[in-house]
Amino acid sequence: MRKRIVSPSMLSADFGHLDRDTRMIDRSAAEWVHIDVMDGVFVPNISFGFPVLKAITSATDKFMDVHLMIVEPEKYVERFAQAGADLVVFHWEATEDPKGCIELIRRSGAKVGISIKPKTPVEVLDDLLPLVDLVLIMSVEPGFGGQSFIEGSTDKVRALRRMIDERGLDVMIEIDGGVSRHNAAELYEAGCDALVAGSAVFKAADPEAEIVAILNA
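The model shown is predicted, which means the values in this text are computed figures rather than measured ones. (Residues numbered from 1 in each chain as written. Predicted model: local features only at pLDDT ≥ 70, side-chain atom pairs only at ≥ 80, totals over all residues. Heavy atoms only, no water.)

Of regular secondary structure, the protein possesses eight helices and eight strands. Relative to the 2.2 N^0.38 estimate, which gives 17 Å for 217 residues, the radius of gyration of the protein is 16 Å and therefore close to what a compact globule would have. Counting only C-alpha atoms, the protein reaches 45 × 35 × 30 Å along its principal axes. For the protein, with 217 residues in total, the buried portion stands at 56%. (Helix = DSSP H or I, 4+ residues; strand = E, 2+ residues; numbered from the N terminus. Rg over C-alpha atoms; globule rule 2.2 N^0.38 Å. Buried < 20%, exposed > 50% of the residue type's maximum accessible area, 1.4 Å probe, protein only.)

For the rest of this paragraph, the subject is the pattern of salt bridges. Summed over all chains, the structure comprises 16 salt bridges. A salt bridge links Asp133 to Arg106; the shortest N-O distance between them is 2.7 Å. With Asp133 in the loop between β5 (111-116) and β6 (134-138) and Arg106 in helix α4 (residues 98-108), this pair connects stretches of sequence that are 27 residues apart. (Salt bridge = Lys/Arg side-chain N within 4 Å of Asp/Glu carboxyl O.)

When helix α2 (residues 50-58) is considered as a whole, its buried residues turn out to be Phe50, Leu53 and Ile56. All buried residues of α2 fall inside an arc of 125° around its axis, so they share one side. Opposite the packed face of α2, turned more than 90 degrees from it, sit the exposed residues Pro51 and Ser58. Check the buried side of α2 and you find it contacts α1 (18-27), β2 (32-38), β3 (63-69) and α3 (77-82). (Arc of directions from axis to C-beta. Contact = heavy atoms within 4.5 Å.)

Moving on, we come to the environment of Ala81. Looking at the element boundaries, Ala81 is found in helix α3. Note: C-alpha distance between Ala81 and Ser108 (27 residues apart in sequence) is 6.3 Å. Each residue touching Ala81, except ones within four places of it in the same chain, is listed here: Val88, Ser108 and Ala110.

So, on to the nonpolar core. Generally speaking, a soluble globular protein has its nonpolar side chains buried in company with each other. Residues Met10, Ile35, Val66, Val135, Ile137, Ile175 and Leu195 are the most contacted members of the largest nonpolar core, which totals 62 residues. Ranked by the residues each element gives to this core, the list is headed by helix α5 (residues 153-166), at five residues. Ignoring sequence-local partners within four residues, the contact set of Leu195 consists of Ile5, Val6, Ser7, Ile175, Val179, Ala184, Leu187, Tyr188 and Ile214. Formed by nine residues, the second largest nonpolar core is a distinct cluster that contains Ile5, Leu87, Val89 and Leu136. (Core = buried A, V, L, I, M, F, W, Y, C linked by side-chain atoms within 4.5 Å.)

Strand order in the open sheet made by the eight strands is β1-β8-β7-β6-β5-β4-β3-β2, with parallel pairing throughout. Across the chains shown, the open sheet's two edge strands, defined by having one partner strand only, are β1 (5-8) and β2. Within this sheet the neighbouring strands show an average axis-to-axis angle of 25°, counted without direction. By the bridge criterion, three bridges tie strand β7 (residues 172-176) to strand β8 (residues 194-197) in an arrangement that is parallel. What sits directly across from Glu174, in β8, is Ala194. Contacting β2 and β3, α2 crosses the sheet at an angle of about 165° to β3. (Pairing = 2+ DSSP bridges. Axes fitted to C-alpha atoms, helices over the stretch in contact; angles between N-to-C directions.)

Another point: the layout of surface pockets. Reported here for the largest pocket is a volume of approximately 270 Å³. Considering the residues around the largest pocket, the lining is formed by 24 residues, among which Gly145, Gly146, Asp176, Gly177 and Gly178 are closest to the centre. When residues of the lining of the largest pocket are traced back to their parent elements, those giving at least two are β2, β8 and α7 (199-202). In terms of residue class, the lining of the largest pocket is made up of 11 nonpolar, 10 polar and three charged. (1 Å grid on protein atoms, 1.4 Å probe; cavity = no way out; pocket = protein on both sides within 12 Å on 5 of 7 lines; lining within 4 Å. Points joined across faces, edges and corners; volume = space filled by probe spheres on them. Nonpolar A, V, L, I, M, F, W, Y, C, P; charged D, E, K, R; others polar.)

Despite not being glycine, Glu72 shows a phi value in the positive range, around 45°. By the element assignment, Glu72 lies in the loop between β3 and α3.

Burial of β5 is extensive: five of the six residues sit out of reach of the surface. Here five bridges tie strand β4 (residues 87-91) to β5, and the two strands are oriented parallel to one another. Paired with Leu87 across the strands is Lys111, a residue of β5. In this region the chain leaves β4, passes through α4 and returns to the parallel neighbour β5; the handedness of that crossover is right-handed. (Right-handed = clockwise from strand over helix to strand, strands pointing away.)

So, in structure tokens, the structure goes:
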């Protein structure tokens, strides 16, 4: 039985009360905090940078799950690790040298994650799976919170879980986009270890209770 993890996405937090929302996550049953870093080039939006990551890490001791949606991530992965990222996730589509990027993250002391967009097949990761700690499946087009879950994403999770298990690898699967208590059970069953939940958590009347509901779905 795999452990269930919820990683609330700070992209859906109230930026005017970031300290308050981070401390809520710190009190909650969530083990991870998901930080979306966007550059306005790889995705059509701009979000957090190093100062905000440092501010969030100062308000919680939770595991920092940092998702880079930026071009040429190899230029920045080490700095994000130094700024407090426990896990640095980069996009397969964003670099011409994924193995080099993996090596840079590993040398920085952080755990290594790689992500793929909804239209990218899991098979592109075949030779990289033994080198990473986690694969992040995007179940919406990256760039904005609050989107609906793309049908077929669960099938990608199942296919990836088979690839990992058949090779006896210790690689976690995370999914991000349109996750809520309503599809959490299916996602865990399909093979996910960690669920990123943004709007479902921060727009709930009781965010801490919503995290528990997702965990226990």
